[in-house]
Amino acid sequence: MRARLQGKRIVICAGSGGVGKTTTSAALAMGLAARGARVAVVTIDPARRLANALGVDELGNEPHLVDPARLAGHGIEVRGELWAMMLDAKRTFDELIERLAPDERTRDEVLSNRIYQQLSGAVAGSQEFTAVAKLYELDRSGLYDVLVLDTPPSRNALDFLDAPDRLTGFLEGRALRVFLAPTGLAARIVGTGTSVVFSVLKRLTGVDLLDDLSIFFRALGGLLEGFKERAEGVKALLRDERTTFVVITSPEHEPVEEAIFFAGKLRDAAMPFGGLVVNRVHPLDGGPPQADVAALTAALGDAKLAAKVARAYSEERTLAERDQAAIEHLRRETGEADPIVIPQLDGDVHDVDGLVAIHRYLFAD
């Protein structure tokens, strides 16, 4: 992994859910920090897996420095710095509005608007867009040598790749233009039909939704150019030669197909593919295809126990052969000749010891 990440500034980890993506992201960041880099790892997973794995009580929307002494106690000497954060998409979107607003009045109108408060976390692509917008912000800050992003499960990560275009598409869409500058029939509809509906709602609820909509769209119109410029900056960051995507999977059928699909999506979008990590593999150890029941019986002195051991061996061997076939399938379909393989570890990886174990496989010589 050292060679794959040489000279890279942005490392984006993608893959389906349940394949160890968050812990692999943290282990990658840990390995880079151990080698002297100042690294920030960002997750948009609302679960606490990253905080738990790093032994941190809580992660917020700004990078938090992981105590190197905590890692040293588990055999990892961090010569650089390891920072971690959990993205709050709503808060990040608010901060983006604050930076792009041309003046304080526009900023306050948008942030205090009830329509914005409901839509800011629900606009298609906003979570994914804010993730890369946060990456863009951290990259521009110049405070870190490497940024590692743990993305949502891969079908959502496809949204993540398209998010800048989809968000600007929404902002430049016909519905928004009608509200910003209605003309002709649209003006009559907005001016009469909707006003009747909203006036009834106002009498029933006491909320002037038409006024809220008008303020929201008018204020948002002043941010269009800023959003477009930021989206272009984000797209350029994703395609930068210093950015790489690491696809993470397990040997099960569905995650394998997701990984192949996502690798193809990266290829079609001309995005940089930095490699494949296959977690939770049952390795073929060179043993015989079947256990020697007679030898087991002689060694254990119990024929029933020997039969159980032989059956367990057969089941483990079947899993190992399945996993080997899955890895070969991944090689053929993704073009990744030498994926990094991490064996099935004892128990779930949820703490620093588990991260250290994954880190050793990722950065093995």
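Just so you know, these numbers come straight off a predicted model, no measurement behind them. (Residues numbered from 1 in each chain as written. Predicted model: local features only at pLDDT ≥ 70, side-chain atom pairs only at ≥ 80, totals over all residues. Heavy atoms only, no water.)

Asker: Give me the lowdown on the overall build of the protein chain, citing residues and values where you can.
Answerer: Each helix and strand in the protein chain was counted, giving 17 helices and eight strands. The buried share of the protein chain, taken over its 365 residues, is 47%. When contacts within the protein chain are restricted to residue pairs at least 6 apart in sequence, long-range pairs at least 24 apart make up 78% of them. Surface accessibility of the protein chain: about 17,700 Å² in total, with carbon and sulfur atoms responsible for 53%. (Helix = DSSP H or I, 4+ residues; strand = E, 2+ residues; numbered from the N terminus. Buried < 20%, exposed > 50% of the residue type's maximum accessible area, 1.4 Å probe, protein only. Contact = heavy atoms within 4.5 Å. Areas by Shrake-Rupley, 256 points an atom, 1.4 Å probe, with all protein chains shown as cover.)

Asker: Go over the pattern of salt bridges with me, naming the residues and quoting the values.
Answerer: Scanning the entire structure with this criterion turns up 20 salt bridges. One salt bridge connects lysine 21 with aspartate 150, and the closest N-O pair in it is separated by 3.1 Å. Pair noted here: lysine 21 is in helix 2 (residues 21–34) and aspartate 150 is in strand 5 (residues 146–153), with a separation of 129 residues, a long-range link. Its relative accessible area of 1% is what places aspartate 150 among the buried residues. Several salt bridges share partner residues, and in doing so they unite Glu62, Lys90, Arg91, Asp94, Glu95, Glu98, Arg99, Lys134 and Glu137 into one network. (Salt bridge = Lys/Arg side-chain N within 4 Å of Asp/Glu carboxyl O.)

Asker: Mind laying out a nonpolar patch on the surface, listing which residues take part and the relevant values?
Answerer: Among the surface-exposed residues, Leu300, Leu305 and Val309 lie close enough to one another that they form a single nonpolar patch of about 220 Å² accessible area. As for its position among the elements, valine 309 is in helix 16 (residues 303–334). The exposure class assigned to valine 309 is partly exposed, which follows from its relative accessible area of 34%. (Patch = residues over 30% accessible without salt bridge, like charges linked within 9 Å, V, L, I, M, F, W, Y side chains within 5 Å.)

Asker: Tell me about helix 16, and please be specific about residues and values.
Answerer: A rise of 1.5 Å per residue sets the reference length of helix 16, with its 32 residues, at 46 Å; its end C-alpha atoms lie 46 Å apart and thus fit the reference within 8%. Ala306, Ala310, Arg317, Ala320, Asp323, Ala326, Ile327, Leu330 and Thr334 are the residues of helix 16 that are buried. The opening residue of helix 16 is aspartate 302, an N-cap whose side-chain oxygen sits 3.0 Å from the backbone nitrogen of lysine 304. Positive backbone phi, approximately 80°, marks glycine 335, located one or two places after helix 16. (Expected span 1.5 Å × (residues − 1). Polar contact = N/O pair within 3.5 Å; in protein donor to acceptor, adjacent residues only side chain to side chain.)

Asker: So what's going on with the pairing of strand 4 (residues 81–86)? Residues and values would help.
Answerer: Where strand 2 (residues 38–43) lies against strand 4, six bridges are found, and the strand directions are parallel. Pairing of valine 39 across the sheet is with leucine 82, part of strand 4. When strand 3 (residues 64–65) meets strand 4, the two strands line up antiparallel, connected through two bridges. Opposite histidine 64, over in strand 4, you have alanine 84 as the bridge partner. (Pairing = 2+ DSSP bridges.)

The values are spatial; any link to function lies outside them.
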